[in-house]
Amino acid sequence: MINKISKLALVGLVSAAMSVSAYAQEMTLKFQSSDPAGNPNFILQQGWAEIVAEKSGGKIAIELLPVESIVAHNETQDAIAAGILDGHITDTSYFAGKDPAFGLVANPVGAWSAPEEMFTFMNEGGGKELMNELLEPYGLHFIGATTPGLEAFVSKVPLNGVDDLKGLKLRAPEGLVQQVFAAAGASPVNLPGSEVFTSLDKGVIDAADYSVFSTNQAQGMHDVATNPVYPGFHSMPLVEISMNKAKWDALPDETKAMLEESVREFAQNQVAALAAKDMEAVEAAKAGGKVTISNWSAEERAKFRTIATGEWAKVAERSENSQKVYDVLTKYLKENGLMQ
């Protein structure tokens, strides 16, 4: 793939050199998602393509491809820089191997209690500028952020606070999420999402960091793990929409503004749609009588955040950019009363 990217890099540079007048007429931008076709998030992302087509009067078409269509999910950044792809919709943490700063900004575990908190940080609190400081050296420009929302927690045993995490065998992805749960006294297990249901069913794990409540419900997680935590208390991934920087720079200002507006509109649509599905799933779960839902108190969430922020500080030490993310994020949270 590296050779392919190198050979096609010139194509990307030539495409980026197209004149502003050409862009103003018609163009198709090829974006790859980190979600598979048929996934609720991918279906909603197709709505973003429709918003762009409408706002541009049909002059700009987004060709949205499912995960792995052109390159692997963690190779899209290189493919965009080389011109193989024009952009992506992806979880920023996939690039933490390049710089741990990507992992910290993508999912500062425990930081956000609602999508609007993250969106305000991104749009008005220095988040988008921070993202571009991280991305532009890699040849990308950050257009905007979305998220599926706060992920619920799947558990076979009651979880009412931090103390209940001690010794808990839980599935958590590698990186900061796993690091925080370990610091809280849990025993994290690294498992692919495809094995979560079976592992819960067979007792390999007692709980899992997985997805939003409605997705967990639809995939039968609550049939084998009847003590979910909702609303979630830990994870809300930053999903970035970014594109090739040279192509972005060549766009007229009005087109740039339109794309930024389209992402903000899409983000609100996605959050609202999934929140509605979550509420329906919660009511269905309660009506079934087999599920007991726990909602952590503000005090317990604060305890968890205290543990999490200690782990943020450790990540901050791993690179200059990580320290910058930590400083900007914690300053914003403190100034806005979001962090004790």
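Placed above this text is the structure.
Residues numbered from 1 in each chain as written. Predicted model: local features only at pLDDT ≥ 70, side-chain atom pairs only at ≥ 80, totals over all residues. Heavy atoms only, no water.

1. Concerning the layout of surface pockets
- If you add up the space inside the largest pocket, you get close to 1,200 Å³.
- The wall of the largest pocket is formed by 45 residues, among which D91, S93, Y94, E151 and P173 lie closest to the centre.
- Secondary-structure elements contributing two or more residues to the lining of the largest pocket are α3 (40-55), β3 (87-91), α5 (100-106), α8 (176-183) and α13 (253-288).
- Forming the walls of the second largest pocket are 19 residues, and the residues nearest its centre are G110, R301, A302, R305 and L338.
- Here the lining of the second largest pocket takes seven residues from helix α14 (residues 298-316), the largest share from any one element.
- Here the lining of the second largest pocket is built from residues that sort into nine nonpolar, seven polar and three charged. (1 Å grid on protein atoms, 1.4 Å probe; cavity = no way out; pocket = protein on both sides within 12 Å on 5 of 7 lines; lining within 4 Å. Points joined across faces, edges and corners; volume = space filled by probe spheres on them. Helix = DSSP H or I, 4+ residues; strand = E, 2+ residues; numbered from the N terminus. Nonpolar A, V, L, I, M, F, W, Y, C, P; charged D, E, K, R; others polar.)

2. Digging into the nonpolar core
- The biggest cluster of nonpolar side chains holds 58 residues, and the ones touching the most others in it are W112, M122, F153, F181, F304 and W312.
- Sequence-distant contacts of F181, that is, excluding residues within four places in its chain, are made with F153, L165, L170, A172, A186, P188, F233, H234 and F304.
- With 22 residues, the next largest nonpolar core counts F31, I60, I89 and W248 among its residues. (Core = buried A, V, L, I, M, F, W, Y, C linked by side-chain atoms within 4.5 Å. Buried < 20%, exposed > 50% of the residue type's maximum accessible area, 1.4 Å probe, protein only. Contact = heavy atoms within 4.5 Å.)

3. Some thoughts on empty space enclosed by the protein
- By the definition in use, this model includes one cavity of 30 Å³ or more.
- The computed volume of the largest cavity comes to approximately 50 Å³.
- Lining the largest cavity are V105, P108, W112, M118, F121, M122, L130, L238, V325 and L329.
- For the lining of the largest cavity, the elements supplying multiple residues, two or more each, are α6 (115-124) and α15 (320-335).
- For the lining of the largest cavity, the element with the highest residue contribution is α6, accounting for three residues.
- Residues that form the lining of the largest cavity fall into these classes: 10 nonpolar, no polar and no charged.

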